[in-house]
Amino acid sequence: MATIPRTKPAVAAPPGPSAERLPDFAGVDVGVLAARTDHAVLAEVAALLLRNWPSAQDAVAYYEDGPEIAVH
C-alpha cells in the first residue's frame, strides 16, 4: 500500500491594506462617463454623483462623511 505524505495547509497572509497604489481618477469627467458607459452599475453611480454634486464649486467633504470614530 502506498502512503501519501501529508502536507501542511498553506497559511494565508493576514488581512490588511495592499501595498499597491490606487489609480488616480481625479481627471475623470463623470458627465462624459455617465453618457458613454453601457455598464448598468457604473451608469447608476455616475448619475447619483451628478445628481448630488451640481458643480465643482459645491464639492465639499464633511467630517461626518468619514468613518465613524467613537471619541470619549
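Before reading on, note that the structure itself is shown above.
Please read all numbers here as calculations on a predicted model, not as lab measurements.

Conventions and cut-offs
Every chain begins its residue count from 1, and numbering advances along the sequence as written. The predicted origin of the model limits local features to residues at a pLDDT of at least 70 and limits the giving and counting of side-chain atom pairs to 80 or more, whereas totals for whole chains, interfaces and linings rest on all residues. Side-chain figures throughout are based on the complete set of non-hydrogen atoms in the structure, without hydrogens or water. Starting at the N terminus, helices and strands are each numbered in turn, a helix being any DSSP run of H or I of at least four residues and a strand any DSSP run of E of at least two. Exposure is judged per residue with a 1.4 Å probe applied to protein chains only, and the accessible area is read against the type maximum: over 50% gives exposed, under 20% gives buried, and values in between give partly exposed. In this description, accessible areas are obtained by the Shrake-Rupley approach with a 1.4 Å probe, and a residue is regarded as covered only by the protein chains that are shown. Between N or O atoms, a polar contact is any pair within 3.5 Å; within protein, one atom must be a potential hydrogen donor and the other a potential acceptor, and residues adjacent in sequence are included only when both atoms are from side chains. The contact definition used throughout considers only heavy atoms, calling two residues in contact when any of these lie within 4.5 Å. What goes into a patch is any residue over 30% in relative accessible area without a salt bridge, connected to like charges within 9 Å or, for nonpolar side chains (Val, Leu, Ile, Met, Phe, Trp, Tyr), within 5 Å. We define a salt bridge as a contact between a side-chain nitrogen of Lys or Arg and a carboxyl oxygen of Asp or Glu at a distance within 4 Å.

(A) Quick look at the overall build of the protein chain. Each helix and strand in the protein chain was counted, giving two helices and zero strands. Taken over 72 residues, the protein chain has a buried fraction of 4%. When the accessible surface of the protein chain is summed, it comes to about 7600 Å², and 61% of that surface belongs to carbon and sulfur atoms.

(B) Structural detail: the side chain of Thr 37. Note on placement: Thr 37 falls in the loop between helix H1 (30-36) and helix H2 (40-52). A polar contact of 3.1 Å, which involves the side chain of Thr 37, links it to the backbone nitrogen of His 39. Apart from the residues within four sequence positions on either side, Thr 37 is in contact with Leu 42 and Ala 43.

(C) Here's a closer look at a nonpolar patch on the surface. A surface patch of nonpolar side chains, about 250 Å² in accessible area, is lined by Val 41, Val 45 and Leu 49. With respect to the secondary-structure elements, Leu 49 resides in helix H2.

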